[in-house]
Amino acid sequence: MALEITDNNFEETVINQDKVAVLDFWADWCGPCKVIAPFIEELAQEYDGKAVIGKVNVDDNGGVAIKYGIRNIPTVLFIKDGKVVDKQVGAASKSVLEEKLKSHL
Amino acid sequence: MANQSLITLQELHHFDHLSLMAKQVVEGFIIGLHKSPFHGFSVEFAEHRLYNPGESVRNVDWKVYGRTDRMYVKKFEEETNLRCQIVVDASSSMYYPENAGAKGEAPINKIRFAAVSAASLMYMLRMQRDAFGLSLFSDQLEQHTQARSTRIHYQLMLQYLQDRINEPHLNKPTQAADSLHLIADRLHRRSLVIIFSDMLDQAMTSGSSEKLDDLFSALQHLKYNKHEVILFHVVDKKHELDFAFDNRPYVFVDMETGEKVRLQSNQVKKQYLEHMQAFKKTLELRCAQYKIDFVEADIHQDFKQILQPYLVKRGKLY
C-alpha cells in the first residue's frame with residue numbers, strides 16, 4: 001500500500017531516508033489521477049523495501065505541492081537524496097513509471 | 001486477402017496530386033484486406049493544470065471549479081496506437097532516372113516512387129488514426145517533423161514531399177549516418193521507422209569499412225532506442241541492379257557529384273554486377289544482424305511491395 005504523505009510527515013518519510021522516493025500528487029476529483037493510482041499501488045507492492053512510494057493529496061497538503069511547484073496533476077516526482085531527479089506530468093502507463101524508477105534505484 | 005489489381009504506373013502518370021495518388025494506391029490495396037481501421041481513440045484526457053489568468057476558458061473543468069472553487073484546465077494528449085516516422089532520402093541520386101516521363105521512358109523516378117509510397121503509408125496511417133512524422137535527408141537532415149495524426153499535418157507532409165519532386169536537389173550527396181543519428185535522438189517515443197533510400201551513401205560507394213560502420217551504427221542507434229525499423233531499398237532494378245543497358249557507348253554521370261565517365265556498357269557489366277551484388281549482400285546481412293526489415297523496392301513494380309511489408313510489421317507490433 002502506498003504511503004499517505006502529508007505536510008507533517010513529509011520530511012521524515014521522504015527527505016530523511018536514503019531510498020528513492022516516488023511521490024504521486026493527486027486529488028480525488030481528478031480523473032487522470034485515478035488512471036495512474038492503481039499503477040502507484042502496484043509499484044508500492046513490487047518495490048516494497050527498495051523504494052518509498054507515496055501519495056500526496058494536493059487539496060489537503062498544499063505545503064508539499066507548493067514546495068515543488070506542482071501546477072499540474074497528476075504529477076509523479078522521483079526524489080533521491082532530497083533532490084528531484086525525474087518527473088512525470090500527466091497520466092502515463094505503468095511501464096513508463098517503472099522505467100523511470102528503475103533508472104534511479 | 002483481396003486479389004485486387006493495384007493501380008499501375010501508367011495509370012499513376014495521369015495523377016499529379018500526391019493525396020489523390022495515395023488514395024488510389026491504398027484503396028486498391030486494402031479492399032478485403034483490412035479489418036476495421038477505426039480502433040483506439042484520438043485524444044485522451046491526461047492531466048489537470050492550474051488555470052492561468054488570461055488563458056482561454058474553453059478547457060476549464062467547471063465541475064472541479066464547482067467542487068473546489070479553483071479553476072483547472074483539462075489537458076489532452078493525442079492518443080495513438082502507433083507512431084511512425086517516415087524517413088525519405090532526398091539526395092540527388094534519388095532523382096534517377098533523370099529523364100523519367102520523357103517519351104518512351106517510365107514516368108517514375110526513385111524520389112517520386114518514394115514520395116508516393118510515403119504518401120500512401122501516411123494515408124493508411126491516418127485512416128487508422130495513427131500518428132506519423134516525416135524526415136527528409138541528403139547530406140544533412142533537411143526536414144524533421146514530430147509525429148501527429150491530424151488532417152492539416154497530413155497535408156503539410158504531402159506538400160513537403162511534393163516540393164521535393166518538383167524541385168530536384170542537384171549535386172546533393174547522401175550522408176545517411178549523421179541524419180539517422182539525429183533522427184534517433186529526436187524520436188522520444190518508441191516508433192516504427194520506415195526508411196526509403198537507395199543507400200547509395202558515400203560510405204557505401206567509397207567502400208571504406210570505417211564509414212560503413214558509421215552508417216550501420218546509425219541504424220543500430222535506432223534499434224537501440226527500441227524503434228522498429230523497415231528499410232525500403234529503392235532501386236531502378238533494370239538499370240541499377242541488372243545493368244541492362246544496350247551494348248553501345250554511354251556517358252555515365254554521377255548524379256551526386258556530376259562526375260562523367262564514358263564507357264561501353266559491356267566492358268564494365270561484369271565488375272559492376274559483382275560490386276553491386278556484394279553491396280546488396282552487405283546491406284542485407286547487416287540489416288538481418290540488427291533485426292531491421294530489409295525490403296527491396298523496385299520502382300517499376302507496383303506499390304504492393306511497400307504496403308504489404310508495412311502491414312505485416314504492424315500486425316506483429318500490436
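In this report, we go over the structure that sits alongside the text. Just so you know, these numbers come straight off a predicted model, no measurement behind them. (Residues numbered from 1 in each chain as written. Chains lettered and ligands numbered in written order. Predicted model: local features only at pLDDT ≥ 70, side-chain atom pairs only at ≥ 80, totals over all residues. Heavy atoms only, no water.)

1. Some points on the overall build of chain B
The secondary structure content of chain B amounts to eleven helices and ten strands. With 318 residues in all, chain B has 48% of them scored as buried. Residue pairs in contact within chain B that sit at least 24 positions apart in sequence constitute 75% of those at least 6 positions apart. Accessible surface, chain B as shown: approximately 16200 Å² in total, 49% of it carbon and sulfur. (Helix = DSSP H or I, 4+ residues; strand = E, 2+ residues; numbered from the N terminus. Buried < 20%, exposed > 50% of the residue type's maximum accessible area, 1.4 Å probe, protein only. Contact = heavy atoms within 4.5 Å. Areas by Shrake-Rupley, 256 points an atom, 1.4 Å probe, with all protein chains shown as cover.)

2. Examining the sheet that holds strand 6 (residues 192-197) of chain B
Residues and elements named next belong to chain B. With respect to topology, six strands assemble into an open sheet ordered 5-4-3-6-7-10, the strand pairing being mixed. Because the sheet does not close on itself, it has two edges, and the strands there are strand 5 (141-144) and strand 10 (293-298). In this sheet, neighbouring strand axes are inclined to one another by 20° on average, regardless of whether the strands run parallel or antiparallel. Sheet analysis places strand 7 (residues 228-235) next to strand 10, joined by six bridges and oriented parallel. Bridge pairing links valine 234 to alanine 297 in strand 10. Relative to strand 7, helix 10 (residues 265-289) is tilted by about 170°, and along the sheet it contacts strand 7 and strand 10. (Pairing = 2+ DSSP bridges. Axes fitted to C-alpha atoms, helices over the stretch in contact; angles between N-to-C directions.)

3. Considering the interface of chain A and chain B
One frequently used descriptor of interface size is the decrease in accessible area upon assembly of the parts. Contacts between the two partners involve 13 residues from chain A, matched on the other side by 14 residues from chain B. Regarding the contact of chain A and chain B, the summed buried area is about 1100 Å², with carbon and sulfur atoms giving 49% of it. A per-residue breakdown of the area chain A buries against chain B is headed by Trp29(A), Pro32(A) and Arg71(A), which together make up 53% of the total. Joining chain A to chain B, the criterion identifies one salt bridge. Of the charged contacts in the structure, one is a salt bridge between Arg70(B) and Asp59(A), with a shortest N-O distance of 2.7 Å. Taken together, chain A and chain B are joined by five residue pairs in polar contact (both at pLDDT 80 or more). Tallied by class, the residues present in the side of chain A that touches chain B amount to seven nonpolar, three polar and three charged. (Buried area = accessible area lost by both parts, 1.4 Å probe. Salt bridge = Lys/Arg side-chain N within 4 Å of Asp/Glu carboxyl O. Polar contact = N/O pair within 3.5 Å; in protein donor to acceptor, adjacent residues only side chain to side chain. Nonpolar A, V, L, I, M, F, W, Y, C, P; charged D, E, K, R; others polar.)

4. Observations regarding the pattern of salt bridges
Overall, the coordinates contain 15 salt bridges over all chains when judged by the stated rule. The partner of Lys94(A) in a salt bridge is Glu42(A), with the nearest N and O atoms 3.0 Å apart. Residue Lys94(A) is found in helix 4 (residues 94-103), and its partner Glu42(A) is found in helix 2 (residues 31-46); the two are separated by 52 residues along the sequence. Lys94(A) sits in the buried class, given a relative accessible area of 18%. A salt bridge links Lys280(B) to Glu296(B); the nearest nitrogen and oxygen atoms lie 2.6 Å apart. Of this pair, Lys280(B) sits in helix 10 while Glu296(B) sits in strand 10, and the two are 16 residues apart along the sequence. Residue Lys280(B) is classed as buried on the basis of its relative accessible area of 18%. Glu296(B) sits in the partly exposed class, given a relative accessible area of 24%. Through salt bridges with shared partners, one network takes in Glu42(A), Glu46(A) and Lys94(A).

5. Description of the state of the cysteines
Residue and element names in this part refer to chain A. Scanning the entire structure with this criterion turns up one disulfide over all chains. Linked covalently through their sulfurs, cysteine 30 and cysteine 33 form a disulfide whose S-S length is 2.5 Å. One disulfide, between cysteine 30 and cysteine 33, carries an S-S torsion of 85° and so falls in the right-handed class. The pair formed by cysteine 30 and cysteine 33 is uniform in burial state, with each residue classed as buried. (Disulfide = S-S within 2.5 Å.)

6. Considerations on helix 6 (residues 176-186) of chain B
All names here are of chain B. Turning to helix 6, its buried residues number three or more, namely Ala176, Ala177, Ser179, Leu180, Ile183 and Ala184. All buried residues of helix 6 project into a common sector of 165° when viewed along the axis, lining one side. Along its buried surface, helix 6 packs onto strand 3 (83-89), strand 4 (131-137), strand 5, strand 6 and helix 8 (209-224). (Arc of directions from axis to C-beta.)

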